[in-house]
Amino acid sequence: MFDRWFGTVTEVIAAAAAAAAVIYLGYEINRRQKRLRDLFFVLGPDSAVMAEHLEELARRGVIRPYQGTAAG
């Protein structure tokens, strides 16, 4: 009797732990995706259009991309 009860309890605990792990992984993935979106999607729709125009001007050679200053 005890063995059957213990086996059932163990299965329930294992299933609950697996469910908690899956829920946590989903939460963590969602949290990291949101953090990356907040970090990289800083341009609004108007700024994105302006950046696209600047990239096109740089491709045509009308303007040069920023190269930075040489350290030295």
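Attention in this report is confined to the structure presented alongside it. These numbers come from a predicted model, not from an experiment. (Residues numbered from 1 in each chain as written. Predicted model: local features only at pLDDT ≥ 70, side-chain atom pairs only at ≥ 80, totals over all residues. Heavy atoms only, no water.)

A few words on the overall build of the protein. A count of helices and strands for the protein gives two helices and zero strands. Summed over its atoms, the accessible surface of the protein is roughly 7,000 Å², and 65% of this surface lies on carbon and sulfur atoms. (Helix = DSSP H or I, 4+ residues; strand = E, 2+ residues; numbered from the N terminus. Areas by Shrake-Rupley, 256 points an atom, 1.4 Å probe, with all protein chains shown as cover.)

Taking 1.5 Å of rise per residue, 16 residues should cover 22 Å, and helix 2 (residues 45-60) covers 23 Å from first to last C-alpha, within 8% of that figure. Within two residues after helix 2, Gly61 carries a phi angle of roughly 90 degrees, on the positive side. (Expected span 1.5 Å × (residues − 1).)

Among the surface-exposed residues, Tyr24, Leu25, Tyr27 and Ile29 lie close enough to one another that they form a single nonpolar patch of about 460 Å² accessible area. You can see Tyr24 is positioned in helix 1 (residues 2-40). (Patch = residues over 30% accessible without salt bridge, like charges linked within 9 Å, V, L, I, M, F, W, Y side chains within 5 Å. Salt bridge = Lys/Arg side-chain N within 4 Å of Asp/Glu carboxyl O.)

Applying the stated criterion to the full structure yields five salt bridges. Here Arg32 makes a salt bridge to Glu28, at a shortest N to O gap of 3.0 Å. With Arg32 and Glu28 both in helix 1, this residue pair falls four residues apart, about one helical turn. Taking relative accessible area as the criterion, Arg32 reaches 48% and is therefore assigned partly exposed. Judged by its relative accessible area of 11%, Glu28 falls in the buried class. Of the charged contacts, one joins Arg60 and Glu56 as a salt bridge, the two residues approaching to 3.3 Å between their closest N and O atoms. (Buried < 20%, exposed > 50% of the residue type's maximum accessible area, 1.4 Å probe, protein only.)

Take it as geometry only, folks, not as evidence of what the structure does.
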